[in-house]
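A structural walkthrough
Spelled out from the first residue to the last, the chains are:
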Amino acid sequence: MVATSLFVAALITLAVGKPMSRNLKVHEAREEIPDGFSLQGSAAPDTTLKLRIALVQSNFAELEQKLYDVSTPSSPNYGAHLSKEEVEQLVAPSADSVDAVNAWLKENDLSAQTISPAGDWLAFEVPVSKANELFDADFSVFTHDQTGLEAIRTMSYSIPAELQGHLDLVHPTVTFPNPNSHLPVVRSPIKASQNLTSRATIPASCASTITPACLQDIYGIPTTKATQSSNKLAVSGFIDQFANSADLATFLKKFRTDISSTTTFALQTLDGGSNSQSGSQAGVEANLDIQYTVGLASGVPVTFISVGDNFQDGDLEGFLDIINFLLAESAPPQVLTTSYGQNENTISVKLANQLCNAYAQLGARGTSILFASGDGGVSGSQSSSCSKFVPTFPSGCPFMTSVGATQGVNPETAADFSSGGFSNYFGIPSYQATAVKTYLTALGTTNSGKFNTSGRAFPDVSTQGVDFEIVVDGRTEGVDGTSCASPTFAAIISLVNDQLIAAGKSPLGFLNPFLYSTGASAFTDITSGSNPGCNTNGFPAKAGWDPVTGLGTPNFAKLLAAAGV
């Protein structure tokens, strides 16, 4: 997983004075500056802030109910995914909310632009001096000690009492940036390629080097080409990670000689995104994701979505923008895989909830949303100092599927970096309650007090994630990480969807209710290994679901049967 994290082991209390305003109520606040940041002083009054407002969604509870209704195999409405218009109607803010917020903006000589399909996100610009007055805030300059990154943030803000129930949050305010943004996947030294022509059994070389042929053998992934052009797989790209077409051709010539090396991918861009084809700018993460989606999901149309740096969602760094981009489409992709993330404690609860709700919207439309779980074991996105376990985001969101990592063959075991655990923001969803309870009972008092036993648990599933061979700027390299696992599982789901659509059925959509019920028998249980961190051995893999490998690794034939094909 490519990760973002704030180191929050030790926190410093900040007391600042704020101007008083009439009829304002504190809406969000932090008690302490995140570790590693220092207060430099008040921001210049004339500095322009680009703020976003999230309006309260009118009927998210009904959207959530409908999401589960169309995603639960036992439901009579299973597979009857919602239309763009149906989703927007459920989450669009009420006319009262729109009128109240716009009237308040107008009173203060401000105007906002709508930046989401349902109209629940607005953007406007305001100088620091006016923002301090409007929100009873103290926007100040904070510097990250290690990187020198500067950010203007406030430790708290308030909104007019009459806007409570209409305005959900203002951003960026109390959420700090991620100073160690998007660290690269773990690289491993490349081993000599070995003969992978024997398909009767898993080649011995797969114990040390993973290629598409290995994954096809381990999980029974078919080599026959998909047939349904309407079935699409999308790969997200951030932070100027570019997917190189020449490297893909080299990869296919080397590892998928049975398909044309001219097989390529489509490109979509937003927020000023691009996809440079200069070999020197080929991205390790982007190439990994494209090579193992195109290289495994034979014949499935793959699209690389490059998100630029002109974010409309502030420190979410395009995470919300890409979802709004896809929600605006009449036919979004059936699968979206993302190998980026951050520690849950880097963003506010309200902001995390907003992004999670956006995943629910896309899931209700019939898209399977997959994320790498992280590479720091129980210490979060990347290994770091901690006393309590650090859940990652968005893996803690109940409306997406989190993918962990395994290694080795016959048997597979948990990869020790595979992030997993329990959210501190989101409660345990009903679809996994029984599986998680079984694990917690077996765990006993191990790691007691270091995690939230009532939180949404992750990962949900896993695949291989160690020693993947990829091509970058013409050279073969080896990489490790849950970044390897998410595109692998995305390819598998896309091939299942292809056969479902060919049979006249709906794609799988939001996966988790299926995975934890009729789909659970399609996974090979991983019962060895653990994910150490925070000066502990982490969680041990056990029989059934566990917070290292989830339900286990997929068996394609069994998954296809569970899906009803």
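Cut-off values and rules
- Residues numbered from 1 in each chain as written.
- Predicted model: local features only at pLDDT ≥ 70, side-chain atom pairs only at ≥ 80, totals over all residues.
- Heavy atoms only, no water.
- Helix = DSSP H or I, 4+ residues; strand = E, 2+ residues; numbered from the N terminus.
- Rg over C-alpha atoms; globule rule 2.2 N^0.38 Å.
- Buried < 20%, exposed > 50% of the residue type's maximum accessible area, 1.4 Å probe, protein only.
- Contact = heavy atoms within 4.5 Å.
- Lys, Arg positive; Asp, Glu negative; His and termini not counted.
- Charge placed at Lys NZ, Arg CZ, Asp CG, Glu CD.
- Phe/Tyr/Trp six-rings, centres within 6.5 Å; stacked < 30°, edge-to-face > 60°.
- Salt bridge = Lys/Arg side-chain N within 4 Å of Asp/Glu carboxyl O.
- Disulfide = S-S within 2.5 Å.
- pLDDT = per-residue confidence, 0-100.
- Expected span 1.5 Å × (residues − 1).
- Pairing = 2+ DSSP bridges.
- Axes fitted to C-alpha atoms, helices over the stretch in contact; angles between N-to-C directions.
- Parallel < 35°, antiparallel > 145°, perpendicular 65-115°, else oblique.
- Left-handed = near helix turned anticlockwise from the far one by under 90°.
- Core = buried A, V, L, I, M, F, W, Y, C linked by side-chain atoms within 4.5 Å.
- Right-handed = clockwise from strand over helix to strand, strands pointing away.

**Let's talk about the overall build of the protein**
Along the protein, the regular secondary structure elements total 13 helices and 29 strands. Computed over its C-alpha atoms, the radius of gyration of the protein comes to 23 Å, within 12% of the 24 Å expected for a compact globule of 565 residues. Its C-alpha atoms put the protein at 75 × 55 × 50 Å along the principal axes. For the protein, buried positions account for 60% of its 565 residues. For the protein, contacts bridging at least 24 residues in sequence account for 81% of all contacts bridging at least 6. Both charge centroids of the protein, one from 29 positive and one from 50 negative side chains, sit 5 Å from each other.

**Thoughts on the packing of aromatic side chains**
Under the criterion given, the structure shown has 27 aromatic pairs. Residues Phe 265 and Phe 304 carry aromatic rings whose centres are separated by 6.3 Å and whose planes lie at 75 degrees to one another, so their mutual orientation is edge-to-face. Pair noted here: Phe 265 is in the loop between helix 6 (245–255) and strand 15 (266–270) and Phe 304 is in strand 16 (residues 302–307), with a separation of 39 residues, a long-range link. Each member of the pair Phe 265 and Phe 304 is classed as buried. Ring geometry for Phe 422 and Trp 545: centres 6.1 Å apart, planes at 75 degrees, overall edge-to-face. Residue Phe 422 is located in strand 23 (residues 421–427), and its partner Trp 545 is located in the loop between strand 28 (523–524) and strand 29 (553–554); the two are separated by 123 residues in the primary sequence.

**Thoughts on the pattern of salt bridges**
Going through the model one piece at a time under the given rule, you end up with six salt bridges. Asp 258 is the partner of Arg 256 in a salt bridge, and the nearest nitrogen-oxygen pair spans 2.8 Å. The class of Arg 256 is buried, set by a relative accessible area of 1%.

**Details of helix 8 (residues 319–327)**
Along helix 8, eight of the nine residues are buried, which leaves the element largely enclosed by surrounding structure. Turning to helix 8, its buried residues number three or more, namely Phe 319, Leu 320, Asp 321, Ile 322, Ile 323, Asn 324, Leu 326 and Leu 327.

**What to know about the state of the cysteines**
Counted by the stated rule, this structure contains three disulfides. Through a disulfide, Cys 356 is tied to Cys 397; the S-S separation comes to 2.1 Å. A torsion of 80 degrees about the S-S bond marks the disulfide between Cys 356 and Cys 397 as right-handed. Placement of the pair is Cys 356 in helix 9 (residues 349–364) and Cys 397 in the loop between strand 20 (392–393) and strand 21 (401–407), with a sequence separation of 41 residues. Cys 397 carries the same exposure label as Cys 356, and that label is buried.

**Focus on the confidence of the model for the protein**
Of all residues in the protein, 92% have pLDDT values of 70 or greater, and the mean over the chain is 90. Low pLDDT, under 50, characterises residues 2–21; the predicted model gives this stretch 76 contacts beyond four residues in sequence or across chains. The low-confidence segment residues 191–200, where pLDDT is below 50, has 20 contacts with residues more than four positions distant or belonging to other chains.

**A word on helix 1 (residues 60–71)**
Over its twelve residues, helix 1 runs 16 Å from end to end, which matches the ideal 16 Å to within 8%, given 1.5 Å per residue. Considered for burial, the residues of helix 1 that qualify are Phe 60, Leu 63, Leu 67, Tyr 68, Val 70 and Ser 71. Check the buried side of helix 1 and you find it contacts helix 2 (84–91), helix 9 and helix 12 (512–515).

**Some words on the sheet that holds strand 9 (residues 140–144)**
Strand order across the open sheet formed by three strands is 5-9-10, with antiparallel pairing between neighbours. Strands with a single pairing partner mark the edges of an open sheet, and in this sheet they are strand 5 (37–42) and strand 10 (150–153). Each adjacent strand pair in this sheet contributes to an overall mean axis angle of 30 degrees, direction not counted. As paired elements, strand 5 and strand 9 share five bridges and run antiparallel to each other. The residue of strand 9 that forms the bridge with Gly 41 is Val 141.

**Re the packing of helix 1 against helix 9**
The contact between helix 1 and helix 9 brings their axes to 9 Å, and the two run at 45 degrees. With respect to their mutual orientation, helix 1 and helix 9 come out oblique. In the packing of helix 1 onto helix 9, the handedness of the crossing is left-handed. Of the residues in helix 9, those touching helix 1 at Phe 60, Leu 63, Leu 67 and Val 70 are Asn 357, Ala 360, Gln 361, Gly 363 and Ala 364.

**Focus on the nonpolar core**
Core analysis: the largest hydrophobic core is formed by 149 residues, its most contacted members being Ile 53, Phe 135 and Tyr 359. Tallying contributions element by element places helix 11 (residues 482–502) first for this core, with ten residues. With residues up to four places along the chain from it excluded, the contact list for Phe 135 reads Leu 24, Leu 51, Trp 104, Phe 124, Tyr 157, Ser 158, Ile 159 and Val 170. Ile 33, Phe 37, Phe 142 and Met 155 belong to the second-largest nonpolar core, a separate cluster that totals five residues.

**Concerning unusual backbone geometry**
Residue Pro 172 is reached from His 171 by a cis peptide bond, and omega for that bond is -5 degrees. In this fold, Pro 172 is placed in the loop between strand 12 (167–171) and strand 13 (186–188). Even without glycine at this site, Asn 410 takes up a positive phi of about 50 degrees. Relative to the helices and strands, Asn 410 resides in the loop between strand 21 and strand 22 (413–414). In this structure Asn 410 comes out as exposed when scored by relative accessible area, which is 66%. Phi angles above zero are rare outside glycine, and Asn 447 is one such case at about 60 degrees. For Asn 447, a relative accessible area of 13% translates into the label buried.

**Remarks on the pairing of strand 16**
Across the six residues of strand 16, six count as buried, placing the element largely inside the fold. Bridging between strand 14 (residues 233–237) and strand 16 involves five bridges; their strand directions are parallel. Bridging across to strand 16, Ala 234 finds its partner in Thr 303. Taken together, the five bridges between strand 15 and strand 16 define a ladder with parallel strand orientation. Bridge pairing in strand 16 links Thr 269 to Ser 306. Each parallel crossover has a hand, and the one from strand 15 via helix 7 (residues 284–294) to strand 16 is left-handed.

**A look at the sheet that holds strand 6 (residues 48–55)**
If you trace the four strands from one edge of the open sheet to the other, you get 7-8-6-12, paired in antiparallel fashion. Every other strand in the sheet has two partners, leaving strand 7 (113–114) and strand 12 as the edge strands with one partner each. As paired elements, strand 6 and strand 12 share four bridges and run antiparallel to each other. When the sheet's bridge partners are listed, Ile 53 is paired in strand 12 with Val 170. The strands touched by helix 9 within the sheet are strand 6, strand 8 (121–127) and strand 12, with strand 12 carrying the most contacts at an inclination of about 105 degrees.

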